[in-house]
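# Observations on the model geometry
The chain contents come next:
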Amino acid sequence: MVSTNTLEAVQRYKQKSLPYILEIEGIRKEFPGVVALDNVQFRLRPGSVHALMGENGAGKSTLMKIIAGIYKPDRGTIRFQGEEVTLTSPLDALERGIAMIHQELALMDWMTVAENIWIRREPTNALGLIDHRKMTAMTQALFDQLSIRIDPTAEVSSLTVAQRQMVEIAKAVSHESDVLIMDEPTSAITETEVEHLFAIIRDLKARGVAIVYITHKMNELFEIADEFSVFRDGKYVGTHASADVTRDDIIRMMVGREITDMFPKEEAEIGDVILSVENLSLPGTFHGITFDLRKGEILGLAGLVGSGRSNVAEALFGVTPATEGTIRIAGRDVSIGSPKDAMREGMALLTEDRKDTGCFLPLTVLENMQIAALQDGHVKMGCVDERGLTVLCKEMQDALRIKTPNLDERIENLSGGNQQKVLIARWLLTKPRILILDEPTRGIDVGAKAEIHRLISRLAQQGVAVIMISSELPEVLGMSDRIMVMHEGHMTGILDRSEANQVKIMELAAR
Ligand SMILES: Nc1ncnc2c1ncn2[C@@H]1O[C@H](COP(=O)(O)OP(=O)(O)OP(=O)(O)O)[C@@H](O)[C@H]1O
Ligand SMILES: [Mg+2]
C-alpha cells in the first residue's frame, strides 16, 4: 500500500513538473452596472512571484477573489494543478491549497492573535475544549519561523495596522498553501517591515509556493516579482518578465498614456501662521511636539511606522487628545477634546486606516461622502441643502475620477483605491482650513496618485494648510514645503524643502 505521504509527494512532484500550477482562461465577472472582468486570462508558475498591476478598479482583487473561491465567475475556466476545478467557497479553495490575504484586513478585533490564526482549526484537549496553551505554542512556533515578534496572546485590537498585517500573513502561511495571494500586503507597513515580508516571500518561493502579489508600487515589482500581468478596465493587457521592462513600459500598459509628473507641486503663497502647536505631549505616546503651520503650506510628517506620527494627527484632531501642551489656531488658544471640536475649528483628518475609522461599509458612496459635511455645521438652521451637497459630491466624483456605477452604490462594492478617493472627497467637502492627511495615496494607482498630488497642491494654493503623513519618501520630498521627522514619539528635526533629501530624513527617522 502506498502511504498518503508518498501520494502527496508524488502529487507535489507532478505539480512541480507542470509549467503552471494555475491556468485561467476566458473569465468574465459582471456586477450590477460594471463588467469587472472581461475574457481575462492568467497563468501562474509554481515557485514564482507573479505581480498583478493595474489602475484602481481594473479588476485585480475581483480576479483573485475568484481564484480564492469567494466569487463565482460568470464564464471561463480555472485549471488548478492541471485539472479543471470549480471552486465552491473560500474553504474549498483553502483546502485545495489556495490562500488569500485580503486588501482590507479582516481580523476579529476582540479575539487574540492566536485565536485569529487558528480560528475553526483550534487544537483541542482530551475533553474537546480549546487547548489555549497549545494554540499559543503553535502560534509562537509559526512566528519564530517567520521572525515575527508579536505576543500570540495579545488582543488584536491592541495591535498597530502593520502588526495586524503581519498576523494576516502568518495566518495565510499557516495553511501551508501552494498558492498564496497577497492583495497589496505592504500598503500599511514601512521599509523594514517590507524587507521582512520579502524575506518571507523568498523563503516561501524557494519551497515551491506560487505567490500572486498585487501592488501599486513599482519598485516592489522590480524587487520581488519574477513576472507580472497588467489589467486595464477589466481586460487583460499582457504578461512579461519583470527583467524585460522599464517602469515607464508598465505605466503605459496600465494607464494607456505616460505620466510625466508624479509630484506636481506648484508654488503657493505661504501666509500667516494658522496652527501653532507647543510642547504637545501624550505620555507614553509622544512628547514635546512643537511646530507652526502656515496657510498654504504643506508640512510633511515622516518617520517609521510606530514613531507617533498618526498619534500626533489624532491628538490634533481630538480623537485621542494630548494631555499636555497648547494648540493655537489663528492666534487663539483652543481646546480640542473631540473630532467635533476640531471640525468646528476647520480641521479635517483623513485617517490611515480606512476600514476601522474611515468607510462606513453598509452605507452608499454618497452617504459616505456627505457624512462629515453634514456634521460640520454645513447644515444651516437644521435644514440640509441635500441637492446642493449632492451636486458637490458629483463634482468630487469627477474631479477624483471615482469609479462607481453611481453614487448610490454601497461603498463596500468599490475597489480599495476608489474607497480611499471617496474618503478624500469626504474631507474636502468640509472645506477645511487645516487638512491632515495620513497616508493619503496608500493603495492609489499611479495615475490617480498624480491627480491627488495635484489636488493637494491646488488646495495649498487656495490657502489651506496641509499636514501630510507619508511613508513614501519620494512623496514627502516631492510635495512638502517643510518636513518634520519623528522617532519614537519625539520630533527629531524639521527640514526645509531646499535641504531635505532621503538620507537626511532616514538619519532623523532611524537614529
Ligand atoms: N462586490 C461588488 N459589487 C459590485 N461591484 C464590485 C464588487 N466588487 C468589485 N466591484 C467593481 O468591480 C470593479 C473592479 O474592482 P476590483 O476591486 O477588482 O479592482 P482593483 O483592480 O482591485 O482596484 P484597486 O487597485 O483599487 O484595489 C470596480 O469597478 C468595482 O467597483
Ligand atoms: Mg483591489
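Quick caveat, the model's predicted, so the values are computed rather than measured. Throughout, a residue's number is its position along its own chain's written sequence, starting from 1. Following the order in which they are written, the chains are lettered starting with A and the ligands numbered starting with 1. Note on the predicted model: pLDDT of at least 70 is required for a residue's local features to be given, and 80 or more for side-chain atom pairs to be given and counted; whole-chain, interface and lining totals, by contrast, use all residues. Hydrogens and water molecules were not included; the side-chain quantities draw on all heavy atoms of the structure.

Looking now at the sheet that holds strand β2 (residues 34–44). Only strands joined by at least two bridges in the DSSP assignment are considered to pair. Under the scheme used here, helices are H or I runs from DSSP no shorter than 4 residues and strands are E runs no shorter than 2 residues, and both carry numbers assigned from the N terminus. Taken together, the four strands give an open sheet; going across it, the order is β2-β1-β4-β5, and neighbouring strands pair in antiparallel fashion. Only two strands of the sheet have a single neighbouring strand rather than two, namely β2 and β5 (83–85). For this sheet the average axis-to-axis angle between neighbouring strands, irrespective of direction, equals 30 degrees. Across seven bridges, strand β1 (residues 22–31) lies against β2 in antiparallel orientation. The residue bridging E30 from the neighbouring strand is V35, located in β2. It only takes one pair of heavy atoms within 4.5 Å for two residues to be counted as in contact. A fitted line through C-alpha atoms represents every axis, and for helices the fit uses only the stretch in contact; the resulting angles, taken between N-to-C directions, go from 0 to 180 degrees. Strands in contact with helix α2 (residues 60–67) are β1, β2 and β4 (75–80); relative to β2, the strand with the most contacts, it is inclined by about 65 degrees.

These domain limits were set by an automatic method or by a database of domain assignments. Examined at the domain level, the protein chain breaks down into domain 1 (16–255) and domain 2 (273–346 + 432–509). Placing the centre of domain 1 and that of domain 2 at their C-alpha centroids yields a distance of 33 Å. Taken together, the contacts link 16 residues of domain 1 with nine residues of domain 2. With both chains or domains summed, domain 1 and domain 2 bury close to 1100 Å², and 58% of this area falls on carbon and sulfur atoms. Of all residues in domain 1, N56, T190 and H216 give up the largest surface area on contact with domain 2, accounting jointly for 38% of the area buried on that side. Throughout this description, the term salt bridge denotes a Lys or Arg side-chain nitrogen within 4 Å of a carboxyl oxygen of Asp or Glu. Here domain 1 and domain 2 share zero salt bridges between them. We call two N or O atoms a polar contact when they sit within 3.5 Å, provided that within protein one can donate a hydrogen and the other can accept it, with sequence-adjacent residues counted only if both atoms are side-chain atoms. The tally of links between domain 1 and domain 2 comes to three residue pairs in polar contact (both at pLDDT 80 or more). Of all elements in the fold, only α7 (191–206) and α9 (247–255) reach the threshold of two or more residues within the side of domain 1 that touches domain 2. Note that Gly is not counted as nonpolar here; it falls among the polar residues with everything else outside the nonpolar set of Ala, Val, Leu, Ile, Met, Phe, Trp, Tyr, Cys and Pro and the charged set of Asp, Glu, Lys and Arg. Looking at the side of domain 1 that touches domain 2 residue by residue, the classes come out as six nonpolar, five polar and five charged. Computed with a 1.4 Å rolling probe, the buried area is the accessible surface lost when two parts are put together, summed over both parts.

Glancing now at the nonpolar core. Residue types Ala, Val, Leu, Ile, Met, Phe, Trp, Tyr and Cys, when buried and joined through side-chain atoms within 4.5 Å, form a set referred to as a nonpolar core. Only protein chains enter the accessibility calculation, which uses a 1.4 Å probe; a residue whose area is less than 20% of its type maximum is buried, one above 50% is exposed, and one in between is partly exposed. Of all hydrophobic cores here, the largest spans 69 residues; its most connected members are L275, I289, F291, L316, M347 and M369. Sequence-distant contacts of L275, that is, excluding residues within four places in its chain, are made with F291, D292, L293, I327, R328, I329, M347, I434 and I467. In terms of nonpolar packing, the next biggest core, distinct from the first, is built from 51 residues, A114, M166, I211 and M218 among them.

Turning to the site of ligand 1, a few remarks are in order. In the vicinity of ligand 1 there are 22 residues, among which G57, K60, T62, S415 and G417 approach most closely. One nitrogen or oxygen atom from the main chain of G416 is found 3.4 Å from an oxygen atom belonging to ligand 1. Residue exposure ignores everything except the shown protein chains as possible cover, and the areas themselves are Shrake-Rupley values with a 1.4 Å probe. Compared with its free state, where it exposes 640 Å², ligand 1 has 94% of that area covered by protein. Of all the elements in the fold, those that place two or more residues in the shell around ligand 1 are β2, α2 and α15 (416–428). Whether a residue is near a molecule or strand depends on its heavy atoms: if one lies within 4 Å, it is near.

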